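Structural features, examined
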Amino acid sequence: MKLRLALVLAASAVLAAAGVSAQQPIVIKFSHVVAVDTPKGKAAEHFKKLAEERTKGRVKVELFPNSSLFKDGEEMEAVQLGSVQMLAPSLAKFGPLGVREFEVFDLPYIFDDYKELHKVTEGPVGTGLLKKLESKGIVGLAYWDNGFKVMSANKAIRVPADYKGLKMRIQSSKVLGDEMKALGSIPQVMAFSEVYQALQTGVVDGTENPPSNFYTQKMQEVQKYLALTEHGYLGYAVIVNKKFWDGLPADVRTTLEGAMKDTTKYANDIAKKENDDAIEAVRKSGKTEILTLTPEQKAAMKKALVVVHKDNESRVGKETIQAVYKETGFTP
Ligand code: LMR
């Protein structure tokens, strides 16, 4: 009897240390900055469903979409401090954390399509990049796709000369800053939650994003032209606070890893269609003209932008860039 009591007490102490009790579920606060109706928003909901079902309620996932808890510039610190447990920041937002190698994903035209991208995200290069986060108190769990970016402004933008002098909102990536400068634009780093208003009030003239982000933030209300440039990729790394993750009961962690694996497949299966649908929705809104570039216009954009690769070798790391080239067959 005494032994049983001792075992129960010992087990409770272990669970309490991991923040688990018989009544209290383990709470994962998952914060992100986009709308629910986006590839990332939908994937986060899918993960919540799988995680809660498969752990039979031992885990509760609380979602905070649309910067409702933390916005860009705050959320990385929040996950490091444990104020939230999980995030899925875009790969362009890891520079300020000191992991500049992630900006390799921002290099213009480095991926022709999702297939090339997946060679990196699902191979050793992608795994190696996620490992670099551990020294920052973060575990990288997965890559989730969004898609290929388009450019928008209130003037028709087809060739590099059209971008001259435009103030363009970018994410906090030096590579993206150089990309805009290569077009003669003036880059302006800004939190995603502030972009709509900045476009509306003319604080910036234009921006870039995959169509799903453009449409779900209603940017068609404040941008007259959307050019289908597909000049670069935007996707996510799903990350968790390392102390929290390592402190989970092993069976719960394994179940969550399975839920994440299946969610990643779901996320990557829906991303392209979500973006194609968003282009059609923007077209149907009748508010923004969709510009399809001719092969010559596309070539002029590419010519102006690939210089960004060489210029960022020392920032992103030549080895990382070469490793990605090897996977994708990109030749500068
Ligand atoms: C942006 O800030 O433009 C996007 O990265 C937002 C997101 O998370 O997709």
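Reference entry: report on the structure contained in this document. (Residues numbered from 1 in each chain as written. Predicted model: local features only at pLDDT ≥ 70, side-chain atom pairs only at ≥ 80, totals over all residues. Heavy atoms only, no water.)

Attention shifts here to the overall build of the protein. Looking only at helices and strands, the protein has 14 helices and 11 strands in total. The C-alpha radius of gyration computed for the protein amounts to 21 Å, which stays within 12% of the reference 20 Å derived for 332 residues, consistent with globular compactness. The principal-axis extents of the C-alpha atoms in the protein amount to approximately 80 × 40 × 30 Å. Considering the protein as a whole, with its 332 residues, one finds that 52% of them fall into the buried category. Of the contacts made within the protein by residues no fewer than 6 positions apart, 76% connect residues no fewer than 24 positions apart. (Helix = DSSP H or I, 4+ residues; strand = E, 2+ residues; numbered from the N terminus. Rg over C-alpha atoms; globule rule 2.2 N^0.38 Å. Buried < 20%, exposed > 50% of the residue type's maximum accessible area, 1.4 Å probe, protein only. Contact = heavy atoms within 4.5 Å.)

Below, the discussion takes up helix α11 (residues 295–305). When we look at burial in α11, the residues that qualify are Gln297, Met301, Ala304 and Leu305. Here the buried residues of α11 occupy an arc of 90° about the axis, which is enough to place them on one side. Across from the buried face of α11, at angles greater than 90 degrees, the exposed residues are Pro295, Glu296 and Lys303. (Arc of directions from axis to C-beta.)

Turning our attention to the site of the ligand. The immediate surroundings of the ligand are formed by 13 residues, with Lys40, Lys93, Arg169, Gln171 and Tyr236 found nearest. Contact between the ligand and Lys40: an oxygen atom at 2.6 Å from a side-chain N or O atom of the residue. Coverage of the ligand by the protein amounts to 100% of the 270 Å² it exposes when considered alone. (Near = heavy atom within 4 Å. Polar contact = N/O pair within 3.5 Å; in protein donor to acceptor, adjacent residues only side chain to side chain. Areas by Shrake-Rupley, 256 points an atom, 1.4 Å probe, with all protein chains shown as cover.)

Attention now moves to the sheet that holds strand β4 (residues 138–148). Spatially, five strands are ordered β2-β1-β3-β10-β4 in an open sheet, and the strand pairing comes out mixed. Every interior strand has two partners, whereas the edge strands, β2 (59–64) and β4, have only one. Pairing analysis gives two bridges linking strand β3 (residues 86–87) to strand β10 (residues 233–241), with the strands arranged antiparallel. Each residue of the ladder has a partner; that of Met86, found in β10, is Val240. In the packing of helix α2 (residues 39–54) onto the sheet, contacts are made with β1 (26–31), β2, β3, β4 and β10, and the angle to β2 comes to roughly 165°. Strands in contact with helix α4 (residues 114–121) are β4 and β10; relative to β4, the strand with the most contacts, it is inclined by about 175°. (Pairing = 2+ DSSP bridges. Axes fitted to C-alpha atoms, helices over the stretch in contact; angles between N-to-C directions.)

Right, let's talk about the packing of aromatic side chains for a bit. Both the distance between ring centres and the angle between the ring planes are used here to describe each pair of aromatic rings. What the rule picks out here adds up to eight aromatic pairs. Ring centres of Phe94 and Phe102 lie 4.6 Å apart, and the angle between their planes is 25°; this geometry places the pair in the stacked category. Residue classification places Phe102 among the buried positions, given a relative accessible area of 0%. Put simply, the rings of Phe105, Phe111, Tyr114, Tyr143, Phe148 and Tyr233 touch in pairs and so form one group of aromatic residues. (Phe/Tyr/Trp six-rings, centres within 6.5 Å; stacked < 30°, edge-to-face > 60°.)

Before going further, it helps to spend a moment on the packing of α4 against helix α14 (residues 318–328). Two elements in contact, α4 and α14, have axes whose closest approach is 9 Å; the angle formed by their N-to-C orientations is 130°. The angle between α4 and α14 falls in the class oblique. Along this stretch, α4 crosses α14, giving a crossing that reads as right-handed. Contacts from Glu116, Lys119 and Val120 in α4 reach Val324, Glu327 and Thr328 in α14. (Parallel < 35°, antiparallel > 145°, perpendicular 65-115°, else oblique. Left-handed = near helix turned anticlockwise from the far one by under 90°.)

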